[in-house]
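Chain residues, written in single-letter form:
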Amino acid sequence: MFDLKTSLSASFVALAISTAPVSAETWDMPMAYAAANYHSATGAEFARCVTTGTAGELEIKTHPGGSLFAGAEIKRAIQTGQVLIGERLLSGHQNENALFGFDSVPFLATSFEESEKLWEVAKEPLTELLDSQNLHLLYSVPWPAQGLYFDRAVESLADVKGLKFRSYNAASARMAELAGMLPVQIEAAEISQAFATGVAQGMVSSGSTGYDRKVWESLSHYYSVDAWMPRNYVLVNLDAWNDLDDATRNVMNACSDLAEYAGDWRSLQYNDFTVNELAKNGMQTGPAGEALAKELQEIGEVMTNEWLETAGDAGKKIVDAFKASK
Ligand code: PCA
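If you're wondering where the values come from, they're calculated on a predicted model, not measured in any experiment. (Residues numbered from 1 in each chain as written. Predicted model: local features only at pLDDT ≥ 70, side-chain atom pairs only at ≥ 80, totals over all residues. Heavy atoms only, no water.)

### Focus on the state of the cysteines
And then number 1: Applying the stated criterion across every chain yields a total of one disulfide.
And then number 2: The partner cysteine of C49 in its disulfide is C255, sulfur to sulfur 2.1 Å. As the torsion about the S-S bond is roughly -80°, the C49-C255 disulfide counts as left-handed. Within this pair, whereas C49 is found in helix α2 (residues 38–53), its partner C255 is found in helix α9 (residues 246–280), the two being separated by 206 residues in sequence. (Disulfide = S-S within 2.5 Å. Helix = DSSP H or I, 4+ residues; strand = E, 2+ residues; numbered from the N terminus.)

### A look at the site of the ligand
And then number 1: The ligand sits among Y33, L89, W143, Q146, R166, Y168, A188, S205, S206, T209 and P230.
And then number 2: Here an oxygen atom of the ligand sits 2.7 Å away from a polar atom, N or O, in the side chain of R166.
And then number 3: Here S205 contributes a side-chain N or O atom positioned 2.7 Å from an oxygen atom of the ligand.
And then number 4: For the shell around the ligand, the residue count by class is six nonpolar, four polar and one charged. (Near = heavy atom within 4 Å. Polar contact = N/O pair within 3.5 Å; in protein donor to acceptor, adjacent residues only side chain to side chain. Nonpolar A, V, L, I, M, F, W, Y, C, P; charged D, E, K, R; others polar.)

### Let's talk about helix α5 (residues 170–178)
And then number 1: Those residues of α5 that fall on the buried side of the exposure criterion are A171, S172, A173, M175 and A176.
And then number 2: Packing partners of the buried residues in α5 comprise β5 (147–150), β6 (164–167), β7 (182–185), β8 (202–205) and α10 (290–325).
And then number 3: Where α5 begins, the side chain of N169 points an oxygen toward the backbone nitrogen of A171, at a separation of 3.2 Å.
And then number 4: One or two steps after α5, the chain reaches G180, where phi turns positive at roughly 80°. (Buried < 20%, exposed > 50% of the residue type's maximum accessible area, 1.4 Å probe, protein only. Contact = heavy atoms within 4.5 Å.)

### Digging into the nonpolar core
Note that soluble globular proteins tend to have their nonpolar side chains buried in a common cluster.
And then number 1: Membership of the largest hydrophobic core comes to 80 residues, with the highest contact counts inside it found for F46, I60, I85 and M252.
And then number 2: Per-element accounting of this core gives the leading share, nine residues, to α10.
And then number 3: Beyond its immediate sequence surroundings of up to four residues, I85 is in contact with W27, D28, M29, P30, F46, I60, I78, L138, V234, L235, V236 and M252.
And then number 4: Among the nonpolar cores identified, the runner-up in size contains 13 residues, and Y149, A194, M203 and V215 belong to it. (Core = buried A, V, L, I, M, F, W, Y, C linked by side-chain atoms within 4.5 Å.)

### Topic: the confidence of the model for the protein
And then number 1: For the protein, mean pLDDT is 94; residues scoring 70 or higher make up 93% of the total.
And then number 2: Under a pLDDT of 50 for its full length, residues 10–18 has, in the predicted model, zero contacts with residues more than four places off or in other chains. (pLDDT = per-residue confidence, 0-100.)

### Digging into the side chain of N237
And then number 1: Mapped onto the elements, N237 comes out in strand β10 (residues 231–237).
And then number 2: One polar contact links the side chain of N237 to the main-chain carbonyl oxygen of Q79, over a distance of 3.3 Å.
And then number 3: Reaching out from N237, the side chain makes a polar contact with the backbone nitrogen of D239 at a distance of 3.0 Å.

### Points about the environment of K317
And then number 1: Relative to the elements of secondary structure, K317 occurs in helix α10.
And then number 2: Between the C-alpha atom of K317 and that of F69, which follows or precedes it by 248 residues, the distance is 34 Å.

Laid out in structure tokens, this is it:
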């Protein structure tokens, strides 16, 4: 006898089986910055996009705030397969290869438009370099232009001599040295504590990181000097990438395009919002005075020459192509 109930539930089971993932996999994705930051928000949407696009066959789970790996450890973790995907600020590895620091050359690309142009000419050599390190590049989103934060008003570098200056890559550390300060490398996730306890008294970073970490609780001044615009990069272990089927790779590529586009916009919007918030929370914000700006330009020239020397032909090619594109 025909039993509607049994027949219906049987077809539901059949449906469930036919759409169920053949071999569902989960990839943990470490990220170093605050969960509410736009890089992390973009990453979370990228992860959802892949999970939805593969019907759950590949689930990506983001772990923001350095909760799975601290920023400095993420690249190595992906290379060695401890995790298969993650986001990292590659200029933090400039000591390994100068090319990783192309986005932190002082006063080279200082607007979103310029950052985009610089990225266009640097993408290919950087992708090749990453490939040679068992890493596949998915997408990249810039930080807003970097400004200077201090616990005091600063008219010229004489006012910051001997100050402990929080750094996050080779360029930020070198800038501190040339300015007569003492660089201390500290992850973004740890800076509120570092400023509160006097481990650091200033830093170069974006309005967004100052806002994410409420630095107005310890610091008083933000000078928007537009030093450079470092980037975050979402990377996949190359072996794992090669093992994926074409359909999954297509979904990841499409989600990456979307993420890069959305991330670029958010970077721009978040910058205006966060610099306003610094002021609302009591910080003095504005451009650097003439004396400080001039000293920074001089430091920038020294650093640019140093970078060009270390980066050799590959570096020169990027800078020349960028200047020709302007
Ligand atoms: N925020 C990150 C990197 C650049 C930025 O704007 C940081 O301060 O660590």
